[in-house]
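Structure assessment
Take a look at the letters that make up each chain.
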Amino acid sequence: MSKSVITKIRLSENIDIPAFYGSHDANLRLIEELFDVKVVARGDELSVEGDAEAVEKIENLIADINEMAEGGFTLKQEDAAFAINSIKREPKVSVKKIFLDTIPVSSKKRFITPKSANQRKYADAMRKNDLVIGIGPAGTGKTYLAMAMAVSALIKKEVSRIVLARPAVEAGEKLGYLPGDMFEKVHPYLRPLYDALFDMIEFDKANRLIERGAIEIAPLAFMRGRTLNDSFVILDEAQNATSEQMKMFLTRLKGTEKGLEKTREDKEHSQMKRLKIDFKWVSKIAEDRIWPILLLGISVVLLLGFLLIPGGIFSAPRLIVGDVVQKSIKAPVDLTVRDEATIKKNQKKAEDSILSIYDFDANAVSQIEARFASGFEDMRIALEEHKRGEIAAKTLQDREMAFVEKLGIPLSIATLKTLQAAGYNKDIQGKTIKILTIVMEKGIVADRYFLEADKEKGIVVRSIGDNRESHVRNLSNILDVKEANKQILRLAASFFPSSDSALKNAVSELCAKMLGPNLMFNKIETEARKKEAVANVKPLFYKIKKGEIILKNGQRVTEEHITILEEISKYQRKSYLFQVFFGIILIVSLIIYTFYRDIMRYKNYLPFDLSKFLLMGILIVGNVAITKFFYFLLGSFAEKYEFINNTDIIFAIPVVIGPMLTAILFDIHIAIVFSFINSLFMGVLIREEQFYVIFSFIGGIVAAFSVIQCKKRSALQRAGLFVGLINILIIIAI
């Protein structure tokens, strides 16, 4: 394993740094992700830490980009991201080779650059060969690069004209007959070629070239009989061409040996030959009688499985906090639920435990001391030279101005005169530094207001030089600028006698002007530590056993219940629904197969053809669909109106429609079998009432026998009333 190293890399001043870094430093994060390194940006300097080999690759990458920028290349954000990904995919590739391998076009776009290894190979193949076939998915630059090479060849006078051909075929849908003359009919098919052309050549210039015949765009169907010498020919969307069209196109490409040597005459942009599919096997299957019935049976099984799955195509209203449930809800499986409330509480606690980070500039006093030492020494020398008559008063005044510039603060004339009168002696210099040291070593903030939020917990003070940290609990010792100025006045009064007020005032002004906040709140570091603390909070879970009651009838929904219900929904959307659906499909398949074998016993006096099987399938699926629709509709009424019992209302569902229609359209024997099959489906669909299977079976048989004897409409109505009476008696009995 290579040793981890840290390297600092400086970007060229010609690089657009925001573009290279990317939006929100996206390109730097991409480098970190792909090369497993840590990148820290400071202006135009990058600090890269990681494996030596990875760091070397990044150094080579930035060195190439710097060299390109020095040569005038303008780097865009997407170019930087592409270069990073290219180096990761192909470590040996040169970024300069990628971006400087250009195709010159017109003045509108000075050059076009292949952006991937395959595009470079494609461009090189077009430079070296007379016939090139480009195969690839949509959007990979096949047409665009071919057009760029053609325009470049025309500009360089390597060819005398460009011929663009394309089969007039729709993209996946039939447009029918198009209105207009020949040009208007084929224009929509050639629009992509015009788009690429106008992107490279100015519109007016391109139109002039088209009018002169230097650029010709034509459907492939109009190429018969043409001879294309000294031309750059592009055949776009060649996969839509027939074999005959391809032969015709290739025979158009003629030229002398001399012409082939001088120019790169003929280029072809193609994909694959059209696939021919034989559909004879479909008709063979259709001729066999069992296949349509089998396909119908599979369709019925899938539809029934979809309808009988819990929820199905209708979804019950989603519960929200504060709702009162109308029926108890149990856990369908063992669940492990994420304790979101406790996790959020722990995350808030972890976030609040992070103290605010303040950066303390411990070197501020030493920097001031160095400027004072240099400035005071210069002025003492200047005064000595003035006394000896070596420099004039004007020169001394210039030296004072230089002294003020060196300190970097404005000073009043009175202060300068006082310091000059005192000879800029070392005692004043030392006392000034001592006052600043006493005040600044406590830490100075811009305003004490910013410390109010942290006065109970304290803050973390981090030294900028060595990154040492200390927890400061007592914030009263930290000064703001106003308090620091007051302390300067007190210290100056104690260091200088009251009789020498001018010197005291001069030193006070010096200290006050040099003073500034040296304790700054580091918001970025504080927020980063809080995010890390929140991320480190371990998730908590609690378990719920299968069958455990989550909500009782009449109970009010809370946030905790919502969390559990969401987990149930997630589980149902994943494995639970698939398992239930698969199980229901198996059960329904067995029931439908049994039903099929049973009704086939009556084929001698009631022959079944495909239309009758289709009608029976519609009756089965339709009856279940109607039942499910009313099941959820009446359930919604029961939830809205509290006086309606959710369990009792399900007996109002018209489950006997299927058996009644079966008896009318087929036979009473088929209707009896249908009633039995239908009752099984009702038992799967409606699970609130265990006797619902008996209710639907008896009701179906009674309804079938009642309607089979009806000859008039009034008799049918009486049969309906009789079925209703029987249903009431069944409800009372169960």
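Given the structure is predicted, the values throughout are model-derived calculations rather than measurements.

**Observations regarding the overall build of the protein**
Secondary structure assignment for the protein yields 27 helices and 18 strands. Relative to its full complement of 734 residues, the protein shows a buried share of 41%. Put simply, of all contacts in the protein between residues at least 6 apart along the chain, 74% involve residues at least 24 apart. For the protein, the exposed surface amounts to about 42,100 Å²; the carbon and sulfur share of it is 57%.

**Focus: helix H3 (residues 52-70)**
Taking 1.5 Å per residue, 19 residues should reach 27 Å; H3 reaches 27 Å between its end C-alpha atoms and fits that length. Taken together, the buried positions of H3 are occupied by Ala54, Val55, Ile58, Leu61, Ile62, Asp64, Ile65, Asn66, Met68 and Ala69.

**Overview of the pattern of salt bridges**
Inspection of every chain in the model, using the stated rule, returns 17 salt bridges. Here aspartate 124 and arginine 127 are joined by a salt bridge, their closest N and O atoms 2.8 Å apart. You can see aspartate 124 and its partner arginine 127 sitting in helix H6 (residues 117-128), 3 residues apart, about one turn around the helix. Across the pair aspartate 378 and lysine 406 runs a salt bridge, and its minimum N-O distance is 2.7 Å. Placement of the pair is aspartate 378 in helix H15 (residues 364-387) and lysine 406 in helix H16 (residues 393-407), with a sequence separation of 28 residues. Classification of aspartate 378 by relative accessible area gives partly exposed; the value is 36%. Under the relative-accessibility criterion, lysine 406 is labelled partly exposed at 33%.

**Remarks on the packing of aromatic side chains**
When we look at a pair of aromatic rings, we describe it by the centre distance and by the angle of the planes. Considering all chains together, one arrives at 10 aromatic pairs under this definition. With a centroid separation of 5.6 Å and an interplanar angle of 80 degrees, the aromatic rings of phenylalanine 376 and phenylalanine 403 are classed as edge-to-face. A residue pair is termed long-range when its members are at least 10 positions apart, and phenylalanine 376 in helix H15 and phenylalanine 403 in helix H16 qualify at 27 residues. Each of the two residues, phenylalanine 376 as well as phenylalanine 403, counts as buried.

**Describing the pairing of strand S13 (residues 459-463)**
Across the 5 residues that make up S13, a large majority, 5, are buried. On S13, burial covers both faces: Ile459, Val461 and Ser463 on one face and Val460 and Arg462 on the other are all buried. Where strand S11 (residues 356-360) and S13 come together, 5 bridges link them in parallel fashion. Across the sheet, the residue bridging to tyrosine 358 is valine 461, located in S13. Pairing between S13 and strand S14 (residues 469-472): 4 bridges, direction antiparallel. The residue bridging valine 461 from the neighbouring strand is serine 470, located in S14. Linking S13 back to S14 in an antiparallel pair, the connection comprises 5 residues, with asparagine 467 at a positive phi of about 60 degrees.

**Considering the sheet that holds strand S2 (residues 38-42)**
With antiparallel pairing, 3 strands are arranged side by side in an open sheet as S1-S3-S2. Of all the strands in the sheet, the pair left with one neighbour each is strand S1 (4-10) and S2. Along the sheet, successive strands turn relative to each other by an average axial angle of 15 degrees, direction set aside. In this sheet, strand S3 (residues 45-51) lies alongside S1 in antiparallel orientation, the contact comprising 7 bridges. Paired with isoleucine 6 across the bridge in S3 is glutamate 49. Strand contacts of helix H2 (residues 26-35): S2 and S3, with the helix running at about 155 degrees to S2, the strand carrying the most contacts. Against the sheet, H3 contacts S1 and S3, and its axis sits at roughly 150 degrees relative to S3.

**Describing a positive patch on the surface**
Together, Lys157, Lys205, Arg208 and Arg212 give the surface a local cluster of positive charge. Summarising the element assignment, arginine 212 is placed in helix H9 (residues 203-212).

**Quick word on the sheet that holds S14**
If you trace the 4 strands from one edge of the open sheet to the other, you get S14-S13-S11-S16, paired in mixed fashion. Because the sheet does not close on itself, it has two edges, and the strands there are S14 and strand S16 (519-521). Adjacent strand axes in the sheet meet at a mean angle of 30 degrees, parallel and antiparallel pairs treated alike. With respect to the sheet, helix H21 (residues 523-535) is in contact with S11, S13, S14 and S16, its orientation differing from that of S11 by roughly 145 degrees.

**Some words on the nonpolar core**
Counting residues in hydrophobic clusters, the biggest one holds 43 residues, and the most contacted among them are Leu304, Phe681 and Tyr692. Of all the secondary-structure elements, those providing two or more residues to this core are helix H13 (290-308), helix H22 (559-599), helix H23 (610-640), helix H25 (668-685) and helix H26 (692-708). At 9 residues, the largest contribution of residues to this core is made by H23.

**Thoughts on the side chain of aspartate 359**
Within the element layout of this structure, aspartate 359 appears in strand S11. Of the polar contacts made by the side chain of aspartate 359, one reaches the side chain of asparagine 522; its length is 2.9 Å. Excluding anything up to four places from it in sequence, aspartate 359 contacts Arg462, Ile464, Asn518, Leu519, Met520 and Asn522.

**Side note on the side chain of threonine 627**
Within the secondary structure, threonine 627 sits in helix H23. Among all residues touching threonine 627, those that are not within four sequence positions of it are Ile653, Val655, Met682, Leu685 and Ile686.

**Considerations on a nonpolar patch on the surface**
A cluster of nonpolar residues, Leu615, Ile626, Ile657, Leu661, Ile664 and Leu665, forms a patch on the protein surface that exposes about 460 Å² of accessible area. Elements with a minimum of two residues in the nonpolar patch: H23 and helix H24 (657-665). The element contributing the most residues to the nonpolar patch is H24, with 4 residues. Following the sequence through the fold, leucine 661 ends up in helix H24.

**Quick look at the environment of valine 301**
Following the sequence through the fold, valine 301 ends up in helix H13. Separated by 290 residues in sequence, valine 301 and isoleucine 591 place their C-alpha atoms 9.4 Å apart. The contacts of valine 301, once residues within four sequence positions are left out, are Ile585, Val588, Ser589 and Ile592.

**Details of the confidence of the model for the protein**
Interpreting fine coordinate detail is not advised for predicted regions of low pLDDT. The share of residues in the protein with pLDDT of 70 or more is 77%, and the mean pLDDT across the chain is 76. With pLDDT under 50 throughout, residues 172-177 is counted as low confidence; its partners more than four residues away or in other chains account for 3 contacts. Segment residues 312-317 is flagged for pLDDT under 50; beyond a separation of four residues in sequence, or across chains, it makes 10 contacts in the model.

**Examining H24**
Because each turn of an α-helix spans 3.6 residues, side chains separated by three or four positions end up pointing in the same direction. Of the positions making up H24, those classed as buried are Gly658, Pro659, Thr662 and Ala663. Buried residues in H24, looked at end-on, bunch into an arc of 130 degrees, giving them a common side.

**Notes on the environment of isoleucine 435**
Its place among the elements puts isoleucine 435 in helix H18 (residues 426-440). Not counting the four nearest positions on each side in its chain, isoleucine 435 is found in contact with Ile488, Leu491, Ala492, Val507 and Cys511.

**A few points about the packing of H6 against helix H7 (residues 142-155)**
The description of two packed helices rests on the angle between their axes and on the distance between the axes. The contact between H6 and H7 brings their axes to 10 Å, and the two run at 40 degrees. Between H6 and H7, the crossing angle belongs to the class labelled oblique. The way H6 lies across H7 gives a crossing that is right-handed. Packed against H6, whose contacting residues are Gln119, Tyr122, Ala123, Met126 and Arg127, the element H7 presents Lys142, Leu145, Ala146 and Met149 at the interface. Grouping the constituent residues of the contact of H6 with H7 by class yields 6 nonpolar, 1 polar and 2 charged.

Calculation notes
- Residues numbered from 1 in each chain as written.
- Predicted model: local features only at pLDDT ≥ 70, side-chain atom pairs only at ≥ 80, totals over all residues.
- Heavy atoms only, no water.
- Helix = DSSP H or I, 4+ residues; strand = E, 2+ residues; numbered from the N terminus.
- Buried < 20%, exposed > 50% of the residue type's maximum accessible area, 1.4 Å probe, protein only.
- Contact = heavy atoms within 4.5 Å.
- Areas by Shrake-Rupley, 256 points an atom, 1.4 Å probe, with all protein chains shown as cover.
- Expected span 1.5 Å × (residues − 1).
- Salt bridge = Lys/Arg side-chain N within 4 Å of Asp/Glu carboxyl O.
- Phe/Tyr/Trp six-rings, centres within 6.5 Å; stacked < 30°, edge-to-face > 60°.
- Pairing = 2+ DSSP bridges.
- Axes fitted to C-alpha atoms, helices over the stretch in contact; angles between N-to-C directions.
- Patch = residues over 30% accessible without salt bridge, like charges linked within 9 Å, V, L, I, M, F, W, Y side chains within 5 Å.
- Lys, Arg positive; Asp, Glu negative; His and termini not counted.
- Charge placed at Lys NZ, Arg CZ, Asp CG, Glu CD.
- Core = buried A, V, L, I, M, F, W, Y, C linked by side-chain atoms within 4.5 Å.
- Polar contact = N/O pair within 3.5 Å; in protein donor to acceptor, adjacent residues only side chain to side chain.
- pLDDT = per-residue confidence, 0-100.
- Arc of directions from axis to C-beta.
- Parallel < 35°, antiparallel > 145°, perpendicular 65-115°, else oblique.
- Left-handed = near helix turned anticlockwise from the far one by under 90°.
- Nonpolar A, V, L, I, M, F, W, Y, C, P; charged D, E, K, R; others polar.

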